[in-house]
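Summary of structural features
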Amino acid sequence: MFSDGSGFEYSAAANQSDRQSPAQAAPIDTSGLWKSEQAFKPVLSAFRVQNQVEESADPDLFRSISDSSAVDTASATSAAGPYKPNPFNLPIPLNRSVWDFSHKKHCDVLRHLKIPATYRRIDTYMRPDYMLPLPKDNSLAKRDQLLSFKGREELYRKGVDIYGCSNLDYLTDIVGNLSTIPVVRGTRGPWQDWQLNINQVIGVDFYSRLVSDTWKTGQIHLSFTWPEVGNQGPVYSYGNTLNPAGLGTRQYQGYFYTDVGRSRDVNSQMQGARLFEYWFDQRYGHKKMSSVRVGAIYPWITFNKSILAGLFGFWAFDEPGVIGTTPGTANGPLVTTAPPGISIEHHFDDYWIAKVMVASGYWDPSGGIDNRRGLNQYWDLNLYGLETTYELTLRGGTYSGNPADNGKPWFVRVGGQYHSGYGLSNLYDVNGNYFFLTGQPRQIYYGNSQYYAMVEAMLYREPGSYNRGLTGFLKAKYSPWDFRGSLTKQLTAGLGYEGIFGRNSDVLFLGYAHMGVNQGVMVRTYNMPSCTQLPNCAVANFQGAFEIGYSAQITPYFYINPKLYYVLHPNTRIDLGDIFSFGIEFRLSL
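Criteria and thresholds
- Residues numbered from 1 in each chain as written.
- Predicted model: local features only at pLDDT ≥ 70, side-chain atom pairs only at ≥ 80, totals over all residues.
- Heavy atoms only, no water.
- Helix = DSSP H or I, 4+ residues; strand = E, 2+ residues; numbered from the N terminus.
- Buried < 20%, exposed > 50% of the residue type's maximum accessible area, 1.4 Å probe, protein only.
- Contact = heavy atoms within 4.5 Å.
- Areas by Shrake-Rupley, 256 points an atom, 1.4 Å probe, with all protein chains shown as cover.
- pLDDT = per-residue confidence, 0-100.
- Arc of directions from axis to C-beta.
- Pairing = 2+ DSSP bridges.
- Disulfide = S-S within 2.5 Å.
- Patch = residues over 30% accessible without salt bridge, like charges linked within 9 Å, V, L, I, M, F, W, Y side chains within 5 Å.
- Salt bridge = Lys/Arg side-chain N within 4 Å of Asp/Glu carboxyl O.
- Phe/Tyr/Trp six-rings, centres within 6.5 Å; stacked < 30°, edge-to-face > 60°.

1. Describing the overall build of the chain
Summing up its helical and strand segments, the chain has nine helices and 16 strands in all. Residues classed as buried in the chain amount to 62% of the 590 residues present. In the chain, 72% of the contacts between residues at least 6 apart in sequence involve partners at least 24 apart. Split by element, the accessible area of the chain, about 20700 Å² in all, is 61% carbon and sulfur.

2. Remarks on the confidence of the model for the chain
Scored by pLDDT, the chain comes out at a mean of 78, with 75% of its residues at no less than 70. Here helix H2 (residues 73-77) stands out as the element of the chain with the lowest mean pLDDT, 34, in contrast to strand S11 (residues 469-478), whose mean of 96 is the highest. Here residues 1-80 scores under 50 on pLDDT; set against residues more than four positions off or in separate chains, the count is 240 contacts.

3. Description of helix H3 (residues 150-158)
Looking only at H3, the buried set comprises Arg152, Glu153 and Tyr156. In an axial view of H3, the angular spread of the buried residues amounts to 100 degrees, which keeps them on one side of the axis. Across H3 from its buried face, at more than 90 degrees, point the exposed residues Lys150 and Lys158. In this structure, the buried residues of H3 make contact with strand S1 (160-175) and strand S2 (194-207).

4. Points about the pairing of strand S7 (residues 352-360)
The pairing of strand S6 (residues 340-347) with S7 spans seven bridges and is classified as antiparallel. Residue pairing across strands places serine 343 opposite methionine 357, the latter belonging to S7. In sequence, S6 turns back onto S7 through a hairpin of four residues. Pairing of S7 with strand S8 (residues 386-396), which is carried by nine bridges, proceeds in the antiparallel orientation. If you follow alanine 359 over to S8, its bridge partner there is glutamate 387.

5. Topic: the state of the cysteines
Overall, the coordinates contain two disulfides when judged by the stated rule. Through a disulfide, cysteine 107 is tied to cysteine 165; the S-S separation comes to 1.9 Å. Residues cysteine 107 and cysteine 165 are joined by a disulfide whose S-S torsion is about -80 degrees; by sign, that bridge is left-handed. A residue pair is termed long-range when its members are at least 10 positions apart, and cysteine 107 in the loop between H2 and H3 and cysteine 165 in strand S1 qualify at 58 residues.

6. Some remarks on the side chain of threonine 389
Looking at the element boundaries, threonine 389 is found in strand S8. In contact with threonine 389, other than residues within four places in its own chain, are Trp300, Phe303, Lys355, Val356, Met357, Gly416, Gln417 and Tyr452.

7. Let's talk about the pairing of S8
Sheet faces and side chains relate simply in a regular strand, where the side chains alternate between the two faces. Relative to strand S9 (residues 410-429), S8 runs antiparallel, the two sharing 10 bridges. What sits directly across from glutamate 391, in S9, is glycine 415.

8. Topic: a nonpolar patch on the surface
A contiguous nonpolar surface patch, about 670 Å² in accessible area, is contributed by Ile174, Val175, Leu459, Tyr460, Leu495, Leu510, Ile548 and Leu564. Every element with two or more residues in the nonpolar patch is listed here: S1 and strand S10 (442-461). If you trace the backbone, isoleucine 174 turns up in strand S1. Residue isoleucine 174 is classed as partly exposed on the basis of its relative accessible area, which comes to 48%.

9. Things to note about the environment of tyrosine 284
In this structure, tyrosine 284 sits in strand S4 (residues 274-284). Residue classification places tyrosine 284 among the partly exposed residues on the basis of a relative accessible area of 28%. On a C-alpha basis, the gap between tyrosine 284 and threonine 217 in space is 7.6 Å, while along the polypeptide they are 67 residues apart. Setting aside chain neighbours within four positions, we find tyrosine 284 in contact with Met289, Ser290, Ser291, Val292, Ile344, Glu345 and His346.

10. Here we look at the packing of aromatic side chains
Taken as a whole and assessed by the stated rule, the structure comprises 23 aromatic pairs. A centroid spacing of 6.4 Å and a plane angle of 85 degrees characterise the contact between tryptophan 300 and phenylalanine 303, whose relative ring orientation is edge-to-face. Aromatic side chains phenylalanine 312 and phenylalanine 509 sit 5.0 Å apart centroid to centroid with 70 degrees between the ring planes, which places their arrangement in the edge-to-face category. Residue phenylalanine 312 is found in the loop between helix H6 (307-310) and S6, and its partner phenylalanine 509 is found in strand S13 (residues 503-517); the two are separated by 197 residues along the sequence. One aromatic cluster in this structure is built from Tyr428, Tyr434, Phe435, Phe436 and Phe483.

Rendered as C-alpha cells:
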C-alpha cells in the first residue's frame, strides 16, 4: 500500500505477500539491543484495540501509551531485539508508528471495503498486535495497494483517506437446466452462455483531526459504486424463465456481491454510478471501540461479520438477507444502495459486543430502480416502516481483545431482524385466490421478522503458526411466516484452509447452503402453469447451493478466485435438472 514514513526497520518476513511460519522466518536482528526497561514502554495502545479497525481507521486512537494491563512489560524487556514477543514467532516491531495501523484496504472480500492486512488473512476480528506494518519496499509487487504514492499517504495523515476496489466476476454454465418446453423456456429463449459483472467501489473518509487537535474519534464516510455488465446480462440469470430473478432461484441462494441487476428486464436501469454509503461515526467507551453511526449504512459490513464467509460468492453464505428489500419479495440481499438509519455498537469488554441498527424499512420500494443513484430516502413510517437489526457476539482466542488470550480464534453470535412496514403475500391476491393465476393485486401484510445464529472457529492450527490452518463456520436462520417472504429455514456451513499448497496466504474453501422455502412458495410452485402443464413436474421444499473456491493472492492487492457452483433443485424444481457452473473472480485494491 503506502510507503512507511516512520523510518523503522523490520524483517522482510513481515510483508503480507510472504507471511512465514517460525521455521521459515528470517532471523531477528539483535544488533540494536535496547538498553533499559524504559525503552520498551512506549508500546502503542494499538495493542489494546481490536475489531473493526476497518471502520474506525483513525490512527489517533493508537497514540496513547500502553498500560501494564495491555502489554506484558516484563516479557518485553527480556526480548533480544526490537520485536514484540509473541507465541507465534512473528516479526512484530516492538515500537510501531501510528501509521502502521488501520490504513490498509483490501478487496479480497468485496463487502468489507476496508480490511487491515494481518498475519492471518481470514481474520474476522483483527487484534492490532498481529496487523502488518507498512512495507518498506514500495515496489509494485510488495505494496498493499496498486496506486501507492507518498502524496496519498500524507493526505491520509492530515485526515483524508481515499481508497477503492475494482472487481470482475465471470461465469459460464457447464451443465444448465435449459428446456425446449415453451412454458419453461419462455418467449425469448435461453439467456447468454456466459455472463460478466464489473463493479467499481470508491471510498472516502474524513477524520476529525482535520478540524481539531483534541477531537480524535470522529469520522465521515462516503462510498460510491459503479456496476456494469458484459455480454448483456448479470451473472446468474440462468437459462430458463423460472430462474433469473424475483421469487426464483436467485432469490433463494442470493446474488453475487458484484451484482449489477435483478434480471435482463431491468438490468440496464440498475447500472451506472451511485452513492452507496454516507454516514458519520463517533467512537466512545471501552478502548474507544464502541460507536454511534448515523447515515446510510450497509448493515452487513459490521453485522454478521466474517471474512471467511465473505469469500463465497452467494450471500446465502455470508448474511441472513434483508427483510425490507422490496414489498414483493422480502428477505433478499442488499446490493444497490444502503438504507438510511442509525447504528450503535457497544463493546462491554474484550469479549462481549452488542449491536443494534434501526433503518428505513424500504430504501427503494422498487427494488433498485427508483433509487438506483442512492439519492432518495423513504421515511413514510406508516407505509414503509422501519427495519431493526440486533446482534450479540461472544468471542475468544485471538478474536478477543485480551492480549493474554492467544488460543485458536472463535466467536458465537445470535441476532435477528424485525420489519414493521408492509409487504405482499407470496401466494394470495386480495380475494384469497392465487395471484399468479388471477392477476389481481396481492394481499398486504404488515410486520415481518427473522432470526439468525452463527459460530465460527479455527478448528486446527499448524504447530507454531499463527495463520496456517483450518477454520469453519456454521450459520442458521429461521423465519416463522408461511406467506411472507420465501425462506423459513436456512442452514449454511463452510470450511477454509489458509496456507495451502505451500502458499502461505492462499485459501481453499468449500461450503453448502440449504434454503428451506415456506408453505406459500411450495403451494405457488405446485400450482403455477409451468408445473401443472407438465406431467412429470416434481417440487422440493428446498434449494441447495454448493460452492468450492480457491483464493490466490498474487500480490497483496490482487486476488484471483476460481470457483465451482452447483445449484441443487433450482427454484425448488426437481424435474428440470440442476445447474453446474464455473466462475472466476478478479479483485484489485486500488
